[in-house]
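This is what each chain is made of:
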Amino acid sequence: ARQPSSRRLGILMMAFALVDIVGTAGNSWYGEAIGFRFLATAAILITFLQPALLVHMVLTYPTGRVDDRTTRTALRIAWYVIGANAIASTSRSVRD
């Protein structure tokens, strides 16, 4: 059973909003009690997904599907670059 095309894009949009909410909560938890520090760190790391999700939504609009090789390659590059940036940013903040 295939999902309707509009549902795929809707799932990407919901993931984008959820990442934003989690990131905002993580920023408010930062510096709280020790139990929240792990959650705050996880939330901050999750916020690095937001640019990749935005690129994914833009490139797959309006169906939410990756239809051709060019789009698939562009998405792979975007996810790799954004992932490398996230790793580099977190390793710099750990050293500081």
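Predicted, not measured: the structure shown is a model, and the values here were computed from it.

(A) Here's a closer look at the overall build of the protein. What the protein contains, in helices and strands, is four helices and zero strands. When the helices and strands of the protein are read in sequence order from the N terminus, they spell out α-α-α-α. When each of the 96 residues of the protein is scored for burial, the buried share is 20%. Intrachain contacts of the protein at a sequence separation of at least 6 include 64% that bridge at least 24 residues.

(B) View of the environment of Ala25. Locating Ala25 in the fold gives a position in helix α1 (residues 5–29). Between the C-alpha atoms of Ala25 and Leu39, which are 14 residues apart in sequence, the distance is 9.1 Å.

(C) Highlighting the nonpolar core. Counting residues in hydrophobic clusters, the biggest one holds five residues: Leu9, Leu12, Val19, Leu53 and Met57. Put simply, the parts of the chain that give this core at least two residues each are α1 and α3 (49–60). The element contributing the most residues to this core is α1, with three residues. With residues up to four places along the chain from it excluded, the contact list for Leu9 reads Met57, Thr60, Tyr61, Pro62, Thr63 and Gly64.

(D) Quick peek at α3. For α3, built from twelve residues, the straight-helix expectation of 16 Å at 1.5 Å per residue is met to within 8% by its first-to-last C-alpha distance of 16 Å. Taken as a whole, α3 has its buried residues at Gln50, Ala52, Leu53, His56, Met57 and Thr60. The buried residues of α3 all sit within an arc of 165 degrees when viewed along its axis, so they share a single face.

(E) Quick peek at a nonpolar patch on the surface. On the surface, Ile46, Leu49 and Trp79 cluster together into a nonpolar patch covering about 230 Å² of accessible area. If you trace the backbone, Leu49 turns up in helix α3.

(F) Layout of the environment of Arg65. Tracing the chain through its elements places Arg65 in the loop between α3 and α4 (69–95). On the basis of relative accessibility, which here comes to 31%, the residue Arg65 falls in the partly exposed class.

(G) Examining the pattern of salt bridges more closely. Tallied over the full model, the rule gives one salt bridge. In this structure, Arg65 and Asp67 form a salt bridge, with 3.9 Å as the shortest nitrogen-oxygen distance. Take Asp67: its relative accessible area is 58%, and that puts it in the exposed class.

(H) Structural context of the confidence of the model for the protein. Mean pLDDT for the protein: 77, with 73% of residues reaching 70 or above. Confidence, expressed as mean pLDDT per element, reaches its minimum in the protein at helix α2 (residues 34–46) with 70 and its maximum at α3 with 86.

(I) Structural view of the side chain of His56. Residue placement: His56 occurs in helix α3. Beyond its immediate chain neighbours, meaning those up to four positions away, His56 contacts Leu12, Leu75 and Trp79.

The rules behind the values
- Residues numbered from 1 in each chain as written.
- Predicted model: local features only at pLDDT ≥ 70, side-chain atom pairs only at ≥ 80, totals over all residues.
- Heavy atoms only, no water.
- Helix = DSSP H or I, 4+ residues; strand = E, 2+ residues; numbered from the N terminus.
- Buried < 20%, exposed > 50% of the residue type's maximum accessible area, 1.4 Å probe, protein only.
- Contact = heavy atoms within 4.5 Å.
- Core = buried A, V, L, I, M, F, W, Y, C linked by side-chain atoms within 4.5 Å.
- Expected span 1.5 Å × (residues − 1).
- Arc of directions from axis to C-beta.
- Patch = residues over 30% accessible without salt bridge, like charges linked within 9 Å, V, L, I, M, F, W, Y side chains within 5 Å.
- Areas by Shrake-Rupley, 256 points an atom, 1.4 Å probe, with all protein chains shown as cover.
- Salt bridge = Lys/Arg side-chain N within 4 Å of Asp/Glu carboxyl O.
- pLDDT = per-residue confidence, 0-100.

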